[in-house]
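Now for the letters of each chain:
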Amino acid sequence: MLIKVPNVLTQEQVAEARQLLAEAEWTDGKATAGHQSSRVKDNMQIPQGHPNARRLGEMILRALSANPLFMSAALPLHVFPPLFNSYSGGQKFGTHVDNSIRQVPGTNHRIRTDLSATLFFEDPEKYEGGELCVEDTYGVHRVKLPAGDLVLYPATSLHHVTPVTRGARVCSFFWIQSMIRDDGQRSLLFDMDLAIQRLNQDHPDHPSATQLTGVYHNLLRQWAEM
Ligand code: NI
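The rules we used
- Residues numbered from 1 in each chain as written.
- Predicted model: local features only at pLDDT ≥ 70, side-chain atom pairs only at ≥ 80, totals over all residues.
- Heavy atoms only, no water.
- Helix = DSSP H or I, 4+ residues; strand = E, 2+ residues; numbered from the N terminus.
- Buried < 20%, exposed > 50% of the residue type's maximum accessible area, 1.4 Å probe, protein only.
- Contact = heavy atoms within 4.5 Å.
- Donors = N, O, S within 2.8 Å, 3.2 Å for Na, K, Ca; no water.
- Axes fitted to C-alpha atoms, helices over the stretch in contact; angles between N-to-C directions.
- Parallel < 35°, antiparallel > 145°, perpendicular 65-115°, else oblique.
- Left-handed = near helix turned anticlockwise from the far one by under 90°.
- Nonpolar A, V, L, I, M, F, W, Y, C, P; charged D, E, K, R; others polar.

Draft legend 1. Broad picture of the environment of Leu56. Along the chain, Leu56 falls in helix H3 (residues 51-65). Residue class for Leu56 comes out buried when judged on its relative accessible area of 1%. For the pair Leu56 and Pro82, spaced 26 residues apart in sequence, the C-alpha separation works out to 8.2 Å. If sequence neighbours within four positions are ignored, Leu56 has contacts with Ala17, Leu20, Leu21, Phe84 and Phe121.

Below you can see the structure in the form of structure tokens.
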């Protein structure tokens, strides 16, 4: 399941983010790549633990925890501290799969990467290329979103970023360990949540809404890993 979450950040937050990102020192993105992906990865990153990255990461995590669509789609247990990358001058990231387990820097804590997330900081018309292409059994999904929007996709999928031939593509990327490990189960819960919300809107106080809400929570209780 690939889900677009619009307006995770306001335009004011995007402007502040661009400022913080412009002031930071950028280094070779191979620093956080695994063995396979380091051979196909060509971009720049802000070092983990950089004060601007930390500040911006906290802003993103606050925004996500207040975002009902993100919470419903991801059912997050742990979110990896956001990282930041930039592609320009033909840089790209060839087909790869993200590492399944990641240690949170400076801690003993490891998270299982169930979902990958990319948050965009530049408007799509400001750069050429830089599409995130995610492969699944339905084909290849090409994603390039407005500044402030985020895409969530299963970390199990092969994906790549096409070469940026004009301007710069600046994004945050990170991973989520979900309370629901399985993408199929998570998709079912998400669909059900959306249907219950629509039912509540169209038929307020319908008794079936309460019953369905009960079913949703009982499924979540059965499937959730904490
Ligand atoms: Ni990746």
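Draft legend 2. Geometry of the coordination of the nickel ion. Around the nickel ion, the donor atoms from the protein are His96 (NE2), Asp98 (OD) and His159 (NE2), and they sit 2.1 Å away. Along the chain, the residues donating to the nickel ion fall in the pattern H-x1-D-x60-H. Residue Asp98 is classed as buried on the basis of its relative accessible area of 16%.

Draft legend 3. Geometry of the packing of helix H1 (residues 11-23) against H3. Interhelical geometry of H1 versus H3 gives an angle of 160° and a closest axis separation of 9 Å. The angle between H1 and H3 falls in the class roughly antiparallel. The two elements H1 and H3 meet at a crossing, and its hand is left-handed. Across the interface between the two elements, Gln13, Glu16, Ala17, Leu20, Leu21 and Glu23 from H1 touch Asn52, Arg55, Leu56 and Met59 from H3. Split into classes, the residues belonging to the contact of H1 with H3 amount to five nonpolar, two polar and three charged.

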